[in-house]
Amino acid sequence: MTAIPLDYEVLRLIWWALLGILLIGFAILGGMDLGVGALLPFAARTDEERRVLLNLSGPTWEGNQVWLVLGGGAIFAAWPPLYAVSFSGFYLAMIAVLLALILRPVGFKFRSKVPSEGWRNVWDWALFVGGFVPALIFGVAVGNLFLGAPFRLDDTLRATYEGNFFGLLAPFALLAGLVSVAMLLTQGATIIAARTSGAVAERARQYGQWSALATIVLFVLGGVVALWMLNGYTVTSVQDPLGPSNPLGKTVVVAPGAWRANYTNYPWMMLAPILAIVGSLAAWLGLRARAGLWAFAGSSLAIAGVIATAGLTLFPFFMPSSADPGVSLTVWDASSSHLTLFIMLVVTVVFLPIVLAYTAWVYRVMRGPVTVGTTLKRNPNAY
């Protein structure tokens, strides 16, 4: 058999980074739609204003979901133990996310079918739920990674989850959920401010300024709690980055302040939280200056910084176990085989540029302002 040109360690690191990139891509593009949905009943007050926001997200939201599908597929194919534990342990939370996401296409399609204020208000609040609930639960899930998930693995690597849905709602996890909500509200507000006008854009600027500042405050607070108040996880045995995947072959200790270790050993990692704060400040300044696209760029950088901060802080852990720390899932013991990762990388190198090119083309076609005059009155297919 021909030798694989990249060693196992490099491929594991590449797929760890690619998973982060896919999650960032979804948070920037899909999160934009979630933010618009969560702001719908507040930034838009009249029926026409709300239709403007629906037609802002309507043409692209389905394509933006591709990043979520790719992220889930990457977890399934590249990190099977992580997929098995997270998708079974967080099952009810994921069902809640899926039900909320289902409200979005239904709301888009059915809201304008009946010219009744009551009917349309129901769907407006359904779209709010479809934006707010996923944003909250995604953040809560990340917060629980820092706390550790209550699972065990037996000798055959069969997972047993010992928690429940309400156990996920710990104070720190809810704080992480609020960071996610504030971050995505800012993202939604910036695109509304950039592509609409009038009262809707002004309200979005106000909400976006508040949410950008809230993102900074909540993110800093969460960092202080995570790094100085939570118990973190540390691998104390030697892990072979080139060895086979077996989460049972290591020892892990739980210690206060352990999540600070990566920043002590690799100071360059501080660039991630700095990017999160600077990006949020840029979004705030852009909204104040009525520079919508600059605000959107700043908000997108903040999203990248927040997600990168979480990944770098946890590294090499994917999902620590609070029930049995020794079976925690890490980059070095929860991946697919060497050959599988390489084949997936080749496929990704071929198809990811196609996805990027298509996404760029769609946004180019759909560029420009969305207003009552340019969209609702001229387009008979408008929502």
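So, how was this worked out
- Residues numbered from 1 in each chain as written.
- Predicted model: local features only at pLDDT ≥ 70, side-chain atom pairs only at ≥ 80, totals over all residues.
- Heavy atoms only, no water.
- Helix = DSSP H or I, 4+ residues; strand = E, 2+ residues; numbered from the N terminus.
- Rg over C-alpha atoms; globule rule 2.2 N^0.38 Å.
- Buried < 20%, exposed > 50% of the residue type's maximum accessible area, 1.4 Å probe, protein only.
- Contact = heavy atoms within 4.5 Å.
- Areas by Shrake-Rupley, 256 points an atom, 1.4 Å probe, with all protein chains shown as cover.
- Lys, Arg positive; Asp, Glu negative; His and termini not counted.
- Charge placed at Lys NZ, Arg CZ, Asp CG, Glu CD.
- Phe/Tyr/Trp six-rings, centres within 6.5 Å; stacked < 30°, edge-to-face > 60°.
- Lys NZ or Arg CZ within 6 Å of the ring centre and 35° of its normal.
- Expected span 1.5 Å × (residues − 1).
- Arc of directions from axis to C-beta.
- Core = buried A, V, L, I, M, F, W, Y, C linked by side-chain atoms within 4.5 Å.
- Axes fitted to C-alpha atoms, helices over the stretch in contact; angles between N-to-C directions.
- Parallel < 35°, antiparallel > 145°, perpendicular 65-115°, else oblique.
- Left-handed = near helix turned anticlockwise from the far one by under 90°.
- Nonpolar A, V, L, I, M, F, W, Y, C, P; charged D, E, K, R; others polar.
- Salt bridge = Lys/Arg side-chain N within 4 Å of Asp/Glu carboxyl O.

### Considering the overall build of the protein
Phase 1: A count of helical and extended segments in the protein gives 14 helices and 6 strands.
Phase 2: Over its C-alpha atoms the protein spans a radius of gyration of 22 Å, differing by no more than 12% from the 21 Å that the globule rule assigns to 383 residues.
Phase 3: Over its C-alpha atoms, taken along the principal directions, the protein stretches across nearly 65 × 50 × 35 Å.
Phase 4: Looking at the protein residue by residue over its 383 residues, the buried ones come to 49%.
Phase 5: Of the contacts formed within the protein by residues at least 6 apart in sequence, a portion of 80% connects residues at least 24 apart.
Phase 6: Of the roughly 17,600 Å² of accessible surface on the protein, a fraction of 71% belongs to carbon and sulfur atoms.
Phase 7: One finds the centroid of the 22 positive side-chain charges in the protein at a distance of 14 Å from the centroid of its 16 negative side-chain charges.

### Regarding the packing of aromatic side chains
Phase 1: In total, this model carries 23 aromatic pairs according to the counting rule given.
Phase 2: A connected cluster of aromatic rings, assembled from ring pairs, spans Phe 42, Trp 125, Phe 128, Phe 132, Tyr 207 and Trp 210.
Phase 3: Above the ring of Tyr 8, the side-chain terminus of Arg 12 is found at 3.7 Å from the ring centroid.

### Observations concerning helix H6 (residues 91–110)
Phase 1: Along its 20 residues, H6 runs 28 Å from first to last C-alpha, staying within 8% of the 28 Å computed at 1.5 Å per residue.
Phase 2: For H6, the set of buried residues is Ala 93, Val 97, Ala 100, Leu 101, Arg 104, Gly 107 and Phe 108. Buried residues of H6 fall within an arc of 115° about the axis and therefore sit on the same side. Along H6, exposed side chains directed more than 90 degrees from the buried face belong to Leu 92 and Leu 99.
Phase 3: Buried residues belonging to H6 abut helix H1 (8–43), helix H2 (47–57), helix H3 (61–64), helix H4 (66–78) and helix H7 (117–147).

### Comments concerning the nonpolar core
Phase 1: Formed by 92 residues in total, the largest nonpolar core has its most connected members in Trp 15, Leu 53, Ile 192, Met 319 and Leu 329.
Phase 2: The greatest single-element share of this core, amounting to 17 residues, is contributed by H1.
Phase 3: In contact with Trp 15, other than residues within four places in its own chain, are Ala 74, Ala 78, Trp 79, Leu 341, Met 344, Leu 345 and Thr 348.

### Thoughts on the environment of Trp 67
Phase 1: Within the secondary structure, Trp 67 sits in helix H4.
Phase 2: Owing to a relative accessible area of 7%, Trp 67 belongs among the buried residues under this scheme.
Phase 3: With 106 residues separating them along the chain, Trp 67 and Ala 173 place their C-alpha atoms 24 Å apart.
Phase 4: Beyond its immediate chain neighbours, meaning those up to four positions away, Trp 67 contacts Leu 22, Gly 25, Phe 26, Leu 29, Leu 352, Val 355, Leu 356 and Thr 359.

### Some details on the packing of helix H9 (residues 198–228) against helix H11 (residues 271–288)
Phase 1: Orientation of H9 relative to H11, taken along the N-to-C sense of each, is 160°, at an axis distance of 9 Å. What the angle tells us is that H9 and H11 run roughly antiparallel. Regarding H9 and H11, the two cross each other, and that crossing is left-handed. Residues Arg 205, Gly 208, Gln 209, Ala 212, Leu 213, Thr 215, Ile 216, Phe 219 and Val 220 of H9 form the contact with H11, whose own contacting residues are Pro 273, Ala 276, Ile 277, Ser 280, Leu 281, Trp 284, Leu 287 and Arg 288.
Phase 2: Partitioned by chemical class, the residues of the contact of H9 with H11 number 11 nonpolar, 4 polar and 2 charged.

### What about the pattern of salt bridges?
Phase 1: Applying the stated criterion across every chain, the model contains 10 salt bridges.
Phase 2: Linking Arg 120 and Asp 47 is a salt bridge whose minimum nitrogen-to-oxygen distance equals 2.8 Å. Taken together, the positions of Arg 120 in helix H7 and Asp 47 in helix H2 put the pair 73 residues apart, joining distant regions of the chain.
Phase 3: Residue Arg 120 is classed as buried on the basis of its relative accessible area of 15%.
Phase 4: Here Asp 333 and Lys 250 are joined by a salt bridge, their closest N and O atoms 2.8 Å apart. Of the two residues, Asp 333 is situated in the loop between strand S6 (329–330) and helix H13 (338–365) and Lys 250 in the loop between strand S3 (231–235) and strand S4 (252–256); the sequence distance between them amounts to 83 residues.
Phase 5: Overall, Asp 333 belongs to the buried group, its relative accessible area being 3%.
Phase 6: Given the relative accessible area of 7%, Lys 250 is considered buried.
Phase 7: Here the salt bridges share partners, and the residues they tie into one network are Asp 47, Arg 50, Arg 111, Arg 120 and Asp 124.

### Topic: the environment of Ala 159
Phase 1: Positionally, Ala 159 belongs in strand S2 (residues 159–161).
Phase 2: Sequence separation between Ala 159 and Val 347 is 188 residues; the distance between their C-alpha atoms is 30 Å.
Phase 3: Other than its neighbours up to four places away in sequence, Ala 159 contacts Val 85, Arg 152 and Leu 153.

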